[in-house]
Amino acid sequence: MQSFDGQPTSAGSVSEPASRRHERLVERLLRLQRITAALAGARTLTEIASTIIDQGMPALDAEVGVVAILSPDGASLRNLGFKGVPVDTEEAWAEVPVDSPVPVAEAARTGAPIIVPTREERNARYPVLARVHGVEHGGAVAAFPLVLESRTVGSLGFCFPAARAFDDDDYAFILSIAQQCALAVERVRWHEVAEQEIAHRRASEEALRARERELTALVAELRQTQEALREADRRKDDFLAMLAHELRNPLAPLLNAVELIKAAGPPTPIVERARTIMDRQIGHMSRLVDDLLDISRISRGKITLSIERVDLVELARATALDYRSLLDARGVRFELALPPAPVWLQADPTRLAQAIGNLLQNANKFTDDGGSVRLSIAPHHPARGVVSVEVADTGIGMEPAVLERIFEPFAQADQSLARSRGGLGLGLALVKGVVELHGGSVRAASAGLGRGAAIAITLPLCAAAPRAADARRAADARRAAASASARRILIIEDNVDAADSLRMLLERRGHAVSVAHSGDDGVAAARMAPPDVILCDIGLPGAMNGYGVARLLRAESSMRKTLLVALTGYGQDDDRKLARAAGFDAHLTKPVAQAMLERLLAELAPLPESA
């Protein structure tokens, strides 16, 4: 009889009683069942190796057992379990190259079983085993590859204490445990991959949740920051409004006093010079306050334009007239170059005059005494649909670096320690904001320091207005006729200086004026003798402010024809809306030039019945 490898079996195995062979087969079947059950619950490769070795060695009467697994690159074998050898041997052979001259490496490398029945043959084929502590005195060896779908994943091996003839039963048993081992290794590997994937996903999900928490915290922090910025912006606006109110209140009686000095008759040279200084400085102070508030409104998009058809030529001429005296006083030559025909725009005349005025004010500030300033409207091209207004001067000029930022808020051309030119650096930023609101653009040019500068604004044209000049002349005539009539005027103002100075000015112009210093007193005075015009402050003392006065008087039939004018230091757009909602017909911001007040009275105030 021959064994599975073609070798003759031992006489003992041939004469082995059938009952003994049967018992051995039953025992191995039971061990295979135990191996199957144990492998089903194995969760690690080490558990698999222990199960195979612990069940395989007794069934085969082996003295050493080993299970090894191939590395991912197939270059080495890692021993998962090595039983029956000293610890130093187990550690020394924990991992070996796949091309090592040992049976388990050869089985893994070739994918074929290795059977060596005698010690002599073993030492001849694998001489290294004769020097391995723990197996050097052994005999037969058997090594089987762990194969899964024609793919080798490792190997297992057994060493026996003496020579051994392997029969078909031995072969079948070792092959069975090798197959079960290969399946278990693959399952655990997939399980490990799945667990790694799950762990990776959990880590990713946790990282995502942590990122979401971080983003949520950042969003909350950003919202808090935005809210803090909004609150700071609101407080800044409130502060600017209050600052403007507190600055305008004393400016109003000062301007009225200057007007009274003008109306008092021919002054002495000293008085005239003092009046001129006061007039100029009050105007300068008023412009600073207006610029500070306007740049804040423009930056927040809270400027609303009152668009109408405007003749740019007439507007530029009127604005130049306002600033000519300022330039003449310093000996600055002023040249006006305007086209003879009207140039029509759709614009807010007040804001546009403010922009041109700021250019003239800027030229005056940076042009030394004896220099020159030129305001011109360039020949326009209807086909291009735009027109340019330029203010050029022979002043201190600008370097290229200054030109790049001259239209930014708080930018300063004069950086000297003395700051002799003054200003907040808001004038040109306001010009840019106003012009862009009109759909135009602005540019600055200079040949360098000491060589002057030119600033031009470009605005879109609109179609000419037929007979507009005639309509304007008719309106001027109506205003002139109306201004000659005296009005009954009630001033409601808690600032005694402001009220008295304004009363004296209006009385000198022929108006009948009465004064009240609180809201309650003002309402009582209006009811006693209904006036044609009420000039009412907003910030009045006591329970009734100016809005309350307007709402109360507007509800009375005797006041329906009375012109209600808010005369106040609060001049923001929201203040104008509140005044209109309360019932005021007009809103004037302190200090008010006498000419503006007279123009308002002429245009809006009803004529007395006697007139």
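By convention here, each chain's residues receive numbers from 1 onward along its written sequence. In view of the model being predicted, local features appear only for residues whose pLDDT reaches at least 70, and side-chain atom pairs are presented and counted only at 80 or more, with totals across whole chains, interfaces and linings using the full set of residues. Just so you know, side-chain values use all the structure's heavy atoms and leave hydrogens and water out.

1. Details of the packing of aromatic side chains
The following threshold applies: Each aromatic pair joins two rings of Phe, Tyr and Trp (for Trp, the six-membered one) with centres within 6.5 Å, and gets the label stacked for planes under 30 degrees apart, edge-to-face for over 60, and tilted for any other angle. Here, a charge over a ring is recorded when the distance from Lys NZ or Arg CZ to the ring centre is within 6 Å and its angle to the ring normal is within 35 degrees.
In this structure the tally under the stated criterion is two aromatic pairs. Positioned above the aromatic ring of phenylalanine 173 is the side chain of arginine 28, whose terminal nitrogen or guanidinium carbon lies 5.3 Å from the ring centre.

2. Considering the environment of aspartate 521
Where we set the bar: Secondary structure elements follow DSSP: runs of H or I no shorter than four residues count as helices, runs of E no shorter than two count as strands, and numbering proceeds from the N terminus. The cut-offs for exposure are 20% and 50% of the maximum accessible area for each residue type, with area from a 1.4 Å probe on protein chains only; residues under the lower value are buried, those over the upper are exposed, and the others partly exposed. Any N or O atom pair separated by 3.5 Å or less is treated as a polar contact, with the protein-specific requirement of one donor-capable and one acceptor-capable atom, and with residues adjacent in sequence counted only for side-chain atom pairs.
Turning to its location among the elements, aspartate 521 is positioned in helix α15 (residues 519-528). The partly exposed category is assigned to aspartate 521, whose relative accessible area is 47%. At 3.1 Å, the side chain of aspartate 521 and the side chain of serine 518 are in polar contact.

3. Side note on the sheet that holds strand β10 (residues 372-377)
Short version of the rule: Pairing between strands is defined by DSSP: at least two bridges between the two strands are required. Axis definition: a line fitted to C-alpha atoms, limited for helices to the stretch in contact. Angles are taken between N-to-C directions and run from 0 to 180 degrees.
The strand order β8-β10-β11-β13-β12 describes an open sheet built from five strands, whose pairing is mixed. Edge positions in the sheet fall to β8 (333-337) and β12 (441-445), since each has one partner strand and no second. Neighbour-to-neighbour, the strand axes of the sheet open up by a mean angle of 10°, direction not taken into account.

4. Structural notes on the nonpolar core
Threshold: Among the buried residues, those of types Ala, Val, Leu, Ile, Met, Phe, Trp, Tyr and Cys that are joined through side-chain atoms within 4.5 Å form a nonpolar core. The contact rule is simple, with two residues in contact once any of their heavy atoms fall within 4.5 Å.
Counting residues in each nonpolar core, the largest one holds 40 residues, and the members touching the most others are Leu312, Ile356, Leu360, Val373, Leu375, Ile377 and Ile457. For this core, the secondary structure elements donating two or more residues are α9 (312-328), β9 (344-347), α10 (349-365), β10, β11 (386-393), α12 (427-437) and β13 (453-460). The element that contributes the greatest number of residues to this core is α9, accounting for eight residues. Contacts of leucine 312, omitting those with residues within four sequence positions, involve Val343, Leu345, Leu352, Ile356, Ile377, Val387 and Val389. Listed in part, the 35 residues of the second largest apolar core include Ile35, Leu39, Leu80 and Phe158.

5. Considerations on empty space enclosed by the protein
What counts, and what does not: As defined here, a cavity is a set of points on a 1 Å grid over the protein atoms alone where a 1.4 Å probe fits but cannot get out. A pocket is an open set with protein on both sides within 12 Å along at least five of seven lines, and residues line them when an atom is within 4 Å of a point. Grid points are joined across faces, edges and corners, and a volume is the space filled by probe spheres set on the points.
According to the stated counting rule, one finds three cavities of 30 Å³ or more in the structure shown. Approximately 230 Å³ is the volume attributed to the second largest cavity. Lining the second largest cavity are 18 residues, and of these Val66, Phe82, Val102, Val104 and Leu129 sit closest to its centre. Of all elements in the fold, only β1 (64-70), β2 (76-83), α5 (103-110), β5 (141-148) and β6 (151-159) reach the threshold of two or more residues within the lining of the second largest cavity. For the lining of the second largest cavity, the leading source of residues is β6, giving three residues.

6. A closer look at the sheet that holds strand β14 (residues 488-492)
Within the open sheet, the five strands sit side by side as β15-β14-β16-β17-β18. Their pairing is parallel. Looking at the sheet topology across the chains shown, the edges are occupied by β15 (512-516) and β18 (586-589). Neighbour to neighbour, the strand axes of the sheet diverge by 20° on average, direction disregarded. In this sheet, β15 lies alongside β14 in parallel orientation, the contact comprising five bridges.

7. Topic: the pairing of β13
Across the eight residues that make up β13, a large majority, seven, are buried. Where β11 lies against β13, eight bridges are found, and the strand directions are antiparallel. If you follow valine 389 over to β13, its bridge partner there is isoleucine 457. Judged from the five bridges that link them, β12 and β13 form a sheet pairing that is antiparallel. Opposite valine 442, over in β13, you have isoleucine 457 as the bridge partner.

8. Side note on α9
The criterion, for reference: The span one expects for a helix is its residue count, reduced by one, times 1.5 Å. To get the bend at any residue, fit one axis to the seven residues that end at it and another to the seven that begin at it, then take the angle between the two axes.
With 17 residues, α9 extends 23 Å between its outermost C-alpha atoms, agreeing within 8% with the 24 Å of an ideal straight helix rising 1.5 Å per residue. The principal kink in α9, of about 35°, is found at aspartate 322. Listed as buried for α9 are Leu312, Val313, Leu315, Ala316, Thr319, Ala320, Tyr323, Leu326 and Leu327. A side-chain oxygen of the first residue of α9 lies 3.1 Å from the backbone nitrogen of valine 313; this N-cap is aspartate 311.

9. Quick word on the side chain of serine 100
Summarising the element assignment, serine 100 is placed in the loop between β3 (95-97) and α5. A polar contact is formed between the side chain of serine 100 and the backbone oxygen of proline 97, at a distance of 2.7 Å. Each residue touching serine 100, except ones within four places of it in the same chain, is listed here: Ala105 and Arg109.

10. Considerations on the confidence of the model for the protein chain
Cut-off, in case you're wondering: What pLDDT reports is the predictor's confidence in each residue, on a scale of 0 through 100.
Looking at the protein chain, the pLDDT average stands at 81 and 84% of residues meet or exceed 70. Mean pLDDT across the elements of the protein chain bottoms out in helix α1 (residues 11-14) (41) and peaks in strand β4 (residues 114-116) (94). Scored below 50 in pLDDT, residues 1-15 makes 18 contacts in the model with residues more than four places away or belonging to other chains. Across residues 414-421 the pLDDT falls below 50, and counting only partners more than four positions away or on other chains, this stretch makes 11 contacts in the model.

11. As for the pattern of salt bridges
Operational definition: Any Lys or Arg side-chain nitrogen located within 4 Å of an Asp or Glu carboxyl oxygen qualifies as a salt bridge.
Tallying each qualifying case throughout the model produces 27 salt bridges. Linking aspartate 169 and arginine 21 is a salt bridge whose minimum nitrogen-to-oxygen distance equals 2.9 Å. In this pair, aspartate 169 is assigned in helix α7 (residues 168-263) and arginine 21 in helix α2 (residues 18-41), connecting sequence segments 148 residues apart. Using a relative accessible area of 40% as the deciding quantity, one classes arginine 21 as partly exposed. Among the ionic pairs, arginine 317 bridges to glutamate 314, the shortest N-O distance being 2.8 Å. Separated by three residues within a single helix, arginine 317 and glutamate 314 lie in helix α9, roughly one turn from each other. Overall, the relative accessible area of 34% leaves glutamate 314 in the partly exposed class. What you see here is one network of salt bridges that share partners, running through Arg21, Arg24, Asp167 and Asp169.

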